[in-house]
Number of protein chains: 2
Amino acid sequence: MTLYEKLADDIETVVRNGVYRPGDRVPSVRQASQQHRISITTVIRAYLLLESRGVLESRPQSGYFVSLRMAQGNRHADELRPSRPIAVSTTVDISRLVLSTLRSISADEAVPLGSPYPDPQFFPYEKLNRYASAIGRNKALWGVTNALPPGRPELVRQIARRYLENGTSVDPNEIIVTVGATEAINLCLQAVAKAGDVIAVESPTFYAHLHAIERSGMRAIEVATHPEYGMEIDALAKIIKSESIAACMVMPNFQNPLGFQMPDERKRELVELLADAQIPVIENGVYNELYFGDAHPTTLKSYDRGGMVLHCGSFSKSLTAAYRVGWALPGRYRDEVERLKFLNTLTTSLIPQLAIAEFLERDGYEHHLRRLRKSYAQQANLMKAMVTRFFPAGTRISSPAGGYVLWVELPAKVDSMKLYQMALERGITIGPGCMFSISPENYKSYIRLNYSSPWSNELEQALITVGKLAAACAR
Amino acid sequence: MTLYEKLADDIETVVRNGVYRPGDRVPSVRQASQQHRISITTVIRAYLLLESRGVLESRPQSGYFVSLRMAQGNRHADELRPSRPIAVSTTVDISRLVLSTLRSISADEAVPLGSPYPDPQFFPYEKLNRYASAIGRNKALWGVTNALPPGRPELVRQIARRYLENGTSVDPNEIIVTVGATEAINLCLQAVAKAGDVIAVESPTFYAHLHAIERSGMRAIEVATHPEYGMEIDALAKIIKSESIAACMVMPNFQNPLGFQMPDERKRELVELLADAQIPVIENGVYNELYFGDAHPTTLKSYDRGGMVLHCGSFSKSLTAAYRVGWALPGRYRDEVERLKFLNTLTTSLIPQLAIAEFLERDGYEHHLRRLRKSYAQQANLMKAMVTRFFPAGTRISSPAGGYVLWVELPAKVDSMKLYQMALERGITIGPGCMFSISPENYKSYIRLNYSSPWSNELEQALITVGKLAAACAR
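It should be emphasised that the depicted structure is a prediction, and the values quoted were computed from it without experimental measurement.

Draft legend 1. Highlighting the overall build of chain A. Across its full length, chain A holds 16 helices and 16 strands. Over its C-alpha atoms chain A spans a radius of gyration of 24 Å, differing by no more than 12% from the 23 Å that the globule rule assigns to 475 residues. Projecting the C-alpha coordinates of chain A onto the three principal axes gives extents of approximately 75 × 55 × 45 Å. Of all 475 residues assigned to chain A, the portion counted as buried reaches 63%. The long-range fraction of contacts in chain A, counting pairs at least 24 apart against all pairs at least 6 apart in sequence, stands at 75%. Of the charged side chains in chain A, 54 are positive and 49 negative, and the gap between their average positions amounts to 5 Å.

Here is the structure:
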């Protein structure tokens with residue numbers, strides 16, 4: 001064994017023993033040369049060998065770091081299991097809990113691991129602000145009649161262009177601009193169902209869907225959902241046979257909280273099953289631009305033949321949440337959704353619509369998104385590594401294919417509402433699992449973690465703290 | 001008779017014969033002196049005499065004008081009669097008609113006599129834009145959790161302060177910031193009633209109230225309304241005895257379209273009647289700041305003892321409609337309205353909230369409002385004069401005590417939808433009366449005219465055209 005191989009083995013042992021953690025910087029080549037009293041060339045050779053083994057990774061101008069994949073190398077966190085919810089519909093009353101957890105994030109300036117929102121750090125707010133300010137100098141744009149539904153043509157054109165570029169051909173005339181996806185989802189659901197109707201949702205489901213159901217006094221029924229493939233078609237087919245389902249709400253790409261990307265074949269099957277049964281489907285596509293793979297994911301909308309898919313999107317997860325600009329592509333329900341939009345909030349503010357349109361027009365969007373996706377993918381790996389390393393044995397984690405949240409199943413003894421309270425007392429928020437189901441008991445030991453914030457020591461310490469608290473609860 | 005008295009009589013005759021119209025500038029003192037070959041002093045004396053008679057009025061730095069009251073002096077348009085609607089509840093489906101008329105305003109850049117919105121000309125958009133732009137430079141303000149309901153404390157404090165200054169003491173903790181009054185009215189109504197419930201409204205009623213009823217699948221019942229005093233308490237009492245009324249929606253100040261200010265005693269009686277019957281009342285106060293009298297009007301809210309008044313307000317009619325910032329003071333239904341706000345649109349955009357708060361904080365608001373009220377009061381008089389003069393015999397008009405719309409009853413033969421179409425072909429919009437009732441036939445020969453735009457020759461010509469078209473229809 002050569003000297004540099006010996007050095008490489010020593011360092012790898014130290015890493016595997018946890019002295020250096022994933023993401024830690026290891027001593028510089030010069031420092032290591034001094035510490036071990038060996039030549040710089042030997043150190044460089046050892047580091048290159050460790051890089052080829054996947055133990056270290058070099059970052060330009062920064063030095064060598066323990067690879068983010070090392071943690072998973074040490075100990076594999078188990079994968080999540082498919083859900084098996086009880087197929088009984090129930091009324092929904094989840095919003096008070098969600099609002100109180102969201103408030104805790106801002107009220108105490110807590111570490112926002114529990115936030116459902118993207119950290120605005122990565123967003124081009126200066127440019128948007130500059131555009132908005134310039135647009136606002138034009139008095140004619142401070143009216144109301146020029147912002148009436150369906151929305152400003154400048155923005156509608158840009159939205160349609162994005163879909164085209166991403167492989168879904170849409171008719172610009174179908175687009176209705178809304179106050180965020182929140183309004184879009186509400187209006188689409190209200191266009192197809194009424195109070196008392198039963199709506200099929202994923203399990204776990206993004207609580208925004210439960211909110212829309214609660215908003216309108218409808219009932220929810222949960223469908224078994226696979227952590228990698230999404231809603232199980234067979235389970236849905238069975239429910240459709242036994243229950244009268246008014247609509248189905250799904251998030252086929254980077255579902256919150258599971259992060260899966262439904263395979264194309266399953267998307268097609270889902271759309272066909274629901275079309276055959278004449279059940280409208282509300283597709284929440286707010287994370288579609290945040291994919292980690294090579295290509296933009298397909299949409300249910302692109303498999304829709306009969307106009308039964310009501311697709312909802314937003315700039316809130318990819319550009320800025322502050323402007324509250326979303327949209328609906330409601331298929332055959334377009335006119336009804338437009339009517340409801342007019343009745344619900346009259347217009348969506350004009351200046352934000354135009355500022356976003358200008359940003360998209362000037363072609364900065366794809367560039368911005370590439371950086372955003374790269375950051376989120378890196379941060380997802382870091383967080384997975386950290387959870388694997390610092391959370392108690394028996395923890396299972398999701399493998400998000402996009403988006404910015406991680407779904408974590410803790411040992412069964414952990415009560416995530418209790419964990420939430422304990423973390424909050426230490427200035428840290430987490431998303432308790434009971435927010436994601438009409439049967440809170442199902443996800444009592446689950447939490448959702450947000451990895452959209454730039455990695456920091458504070459974040460790392462917060463994760464370690466949550467891991468320790470969870471371990472204490474698991475005993 | 002002196003020379004100046006003779007000159008004064010001559011000019012008065014010319015005015016009464018319609019050669020000079022109300023608002024017209026009469027020749028300057030110098031011009032008149034030259035025209036009549038008399039001394040400047042004589043002209044000045046004649047003009048002062050005419051001013052004391054109410055025929056002319058002087059405007060600083062502008063000269064002498066025919067008094068706006070002269071038209072009414074020429075020929076009195078009759079006053080409106082109290083409405084006597086049939087007290088039968090019905091479902092509502094008015095929004096498509098309203099949206100199509102609103103669209104016609106912006107699509108064709110038509111003269112906006114039919115607009116329900118204030119002309120943005122008088123609004124301090126430059127200042128708001130400057131504030132918004134400065135606020136937007138702070139990255140921390142581009143988040144979502146810092147804009148969660150009930151609303152930004154900076155704005156909530158300013159809203160509470162305005163109420164205090166205007167004589168209504170409110171608890172800042174009661175205020176829920178919304179996406180315009182549109183959302184506030186919807187949420188307040190939804191907090192107290194459900195699909196199928198019967199809601200009592202004025203007759204004619206502002207279609208925004210009908211929209212909220214339509215939005216939720218409720219039924220409306222119209223209550224006799226006096227053009228000067230508002231909803232008739234006795235008529236409402238009778239309906240309450242025979243029907244189960246879930247809520248009452250009223251606009252006690254400067255009602256759209258009638259413009260009345262309900263006398264304080266009637267406000268008190270209305271609140272007491274409804275409180276005794278345990279019927280919540282939704283008070284739309286969006287025009288409250290736009291009074292023509294000496295003092296800010298009282299609110300129903302100020303007579304409320306049991307928290308049964310759900311008061312709605314907005315900056316859209318007094319500062320800017322483009323920002324879509326309104327609020328609700330929902331009394332005992334506060335928590336439910338907050339929950340619905342969170343479910344409906346999540347947040348109200350933060351930067352506009354802060355920009356408005358800053359404008360109010362810096363004390364420009366009252367100054368701005370004083371100018372606005374003065375302009376609207378002058379323009380109301382001008383429009384009343386013009387309608388009196390140029391509309392066919394048998395026309396009746398409202399006497400708005402505030403706000404910016406005039407309600408016009410045309411001779412019974414006039415079909416206002418037909419008139420609307422004819423005017424539109426000439427690039428003029430008007431508000432057809434059928435938008436203001438669940439029984440469109442009741443207001444078939446009525447129109448609503450907007451006088452918020454700065455007076456112009458184009459506006460004057462448009463009014464004359466509408467008058468001619470109405471006369472043609474009346475034949």
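Draft legend 2. Structural context of the domain arrangement of chain A. Residue and element names in this part refer to chain A. By domain assignment, chain A separates into domain 1 (3-75), domain 2 (95-123 + 367-474) and domain 3 (125-364). When each unit is reduced to the centre of its C-alpha atoms, the spacing between domain 2 and domain 3 is 25 Å. Taken together, the contact between domain 2 and domain 3 spans 34 residues of the former and 33 residues of the latter. Together, the buried faces of domain 2 and domain 3 total about 2800 Å²; carbon and sulfur atoms form 60% of this surface. Counting across the domain 2 and domain 3 interface gives one salt bridge. For Glu-289, the salt bridge identified is with Arg-373, shortest N-O distance 3.5 Å. If you list the elements that add at least two residues to the side of domain 2 that touches domain 3, you get α5 (95-107), α14 (365-390) and β14 (405-409). The biggest single contributor to the side of domain 2 that touches domain 3 is α14, with eight residues. When its residues are assigned to classes, the side of domain 2 that touches domain 3 shows 22 nonpolar, ten polar and two charged.

Draft legend 3. Focus on the sheet that holds strand β13 (residues 396-397) of chain A. Residue and element names in this part refer to chain A. The mixed open sheet is built from five strands, whose spatial order is β3-β13-β14-β16-β15. In this open sheet, the two strands that pair with only one neighbour each are β3 (78-79) and β15 (431-432). In this sheet, strand β16 (residues 446-450) lies alongside β15 in antiparallel orientation, the contact comprising two bridges. Within β16, the position partnered with Pro-432 by the bridge is Ile-447.

Draft legend 4. How the structure looks around the interface of chain A and chain B. Contact residues are listed per partner, giving 55 residues for chain A and 55 residues for chain B. Buried surface at the junction of chain A and chain B, summed over both partners, amounts to about 5100 Å²; 60% is from carbon and sulfur atoms. Summed over the three residues of chain A that lose the most area to chain B, namely Tyr-125, Trp-142 and Arg-215 of chain A, the buried surface amounts to 15% of that side. One salt bridge connects Arg-339 of chain A with Glu-214 of chain B, and the closest N-O pair in it is separated by 2.2 Å. Taken together, chain A and chain B are joined by 26 residue pairs in polar contact (both at pLDDT 80 or more). Of all the elements in the fold, those that place two or more residues in the side of chain A that touches chain B are α5, α6 (125-135), α8 (180-192), α9 (207-215) and α12 (334-345) of chain A.

Draft legend 5. Just the state of the cysteines, in detail. All names here are of chain B. Inspection of the entire model under this criterion finds zero disulfides over all chains. Note on Cys-188: no disulfide assigned, nearest cysteine sulfur contributed by Cys-312 at a separation of 3.8 Å. Take Cys-188: its relative accessible area is 0%, and that puts it in the buried class.

Draft legend 6. Quick look at the packing of helix α10 (residues 233-242) of chain A against helix α11 (residues 264-276) of chain A. Residues and elements named next belong to chain A. It is the contact of α10 with α11, at a shortest axis distance of 10 Å, that shows an interaxial angle of 5°. Our classification of the angle between α10 and α11 gives roughly parallel. On α11, the residues that touch Ile-233, Leu-236, Ala-237 and Ile-240 of α10 are Arg-266, Glu-269, Leu-270, Leu-273 and Leu-274.

Draft legend 7. Focus on the environment of Ser-316 of chain A. Residue and element names in this part refer to chain A. Considering the arrangement of structural elements, one finds Ser-316 in the loop between β11 (309-314) and β12 (325-329). Owing to a relative accessible area of 4%, Ser-316 belongs among the buried residues under this scheme. Residues Ser-316 and Leu-300 lie 16 residues apart in sequence; the distance between their C-alpha atoms is 20 Å.

Draft legend 8. Inspection of the layout of surface pockets at higher detail. Roughly 1100 Å³ of internal volume is contained in the largest pocket. Ile-105 and Ser-106 of chain A together with Ala-140, Thr-145 and Asn-146 of chain B are, among the 38 residues lining the largest pocket, the residues nearest its centre. When residues of the lining of the largest pocket are traced back to their parent elements, those giving at least two are α5 and α16 (457-474) of chain A together with α7 (153-165) of chain B. Ranked by the residues each element gives to the lining of the largest pocket, the list is headed by α5 of chain A, at four residues. Residue classes in the lining of the largest pocket are distributed as 20 nonpolar, twelve polar and six charged. There is about 790 Å³ of room inside the second largest pocket. Of the residues that constitute the lining of the second largest pocket, the class distribution is 14 nonpolar, eleven polar and four charged.

Draft legend 9. The arrangement of a negative patch on the surface in detail. Residues and elements named next belong to chain A. Judged by side-chain charge, Asp-234, Glu-269, Glu-272 and Asp-276 come together as a negatively charged surface patch. Here Asp-276 shows up in helix α11. Exposure remark for Asp-276: the relative accessible area of 70% places this residue in the exposed category.

Draft legend 10. Region of the structure containing the relation of the copies chain A and chain B. Once chain A is rotated about the relating axis by 179° and shifted along it by 0.1 Å, it coincides with chain B to within an RMSD of 0.5 Å. Between the two chains, the operation in question is that of a two-fold axis. Ranked by how close their C-alpha atoms come to the rotation axis, the residues of chain A are headed by Ser-133 of chain A, at 2.9 Å. In this assembly, 100% of the residues forming the interface of chain A have copies in chain B that are likewise at the interface, indicating an isologous arrangement.

Criteria and cut-off values
- Residues numbered from 1 in each chain as written.
- Chains lettered and ligands numbered in written order.
- Predicted model: local features only at pLDDT ≥ 70, side-chain atom pairs only at ≥ 80, totals over all residues.
- Heavy atoms only, no water.
- Helix = DSSP H or I, 4+ residues; strand = E, 2+ residues; numbered from the N terminus.
- Rg over C-alpha atoms; globule rule 2.2 N^0.38 Å.
- Buried < 20%, exposed > 50% of the residue type's maximum accessible area, 1.4 Å probe, protein only.
- Contact = heavy atoms within 4.5 Å.
- Lys, Arg positive; Asp, Glu negative; His and termini not counted.
- Charge placed at Lys NZ, Arg CZ, Asp CG, Glu CD.
- Domains from an automatic or database assignment.
- Buried area = accessible area lost by both parts, 1.4 Å probe.
- Salt bridge = Lys/Arg side-chain N within 4 Å of Asp/Glu carboxyl O.
- Nonpolar A, V, L, I, M, F, W, Y, C, P; charged D, E, K, R; others polar.
- Pairing = 2+ DSSP bridges.
- Polar contact = N/O pair within 3.5 Å; in protein donor to acceptor, adjacent residues only side chain to side chain.
- Disulfide = S-S within 2.5 Å.
- Axes fitted to C-alpha atoms, helices over the stretch in contact; angles between N-to-C directions.
- Parallel < 35°, antiparallel > 145°, perpendicular 65-115°, else oblique.
- 1 Å grid on protein atoms, 1.4 Å probe; cavity = no way out; pocket = protein on both sides within 12 Å on 5 of 7 lines; lining within 4 Å.
- Points joined across faces, edges and corners; volume = space filled by probe spheres on them.
- Patch = residues over 30% accessible without salt bridge, like charges linked within 9 Å, V, L, I, M, F, W, Y side chains within 5 Å.
- Areas by Shrake-Rupley, 256 points an atom, 1.4 Å probe, with all protein chains shown as cover.
- Least-squares fit on C-alpha atoms with pLDDT ≥ 70 in both.

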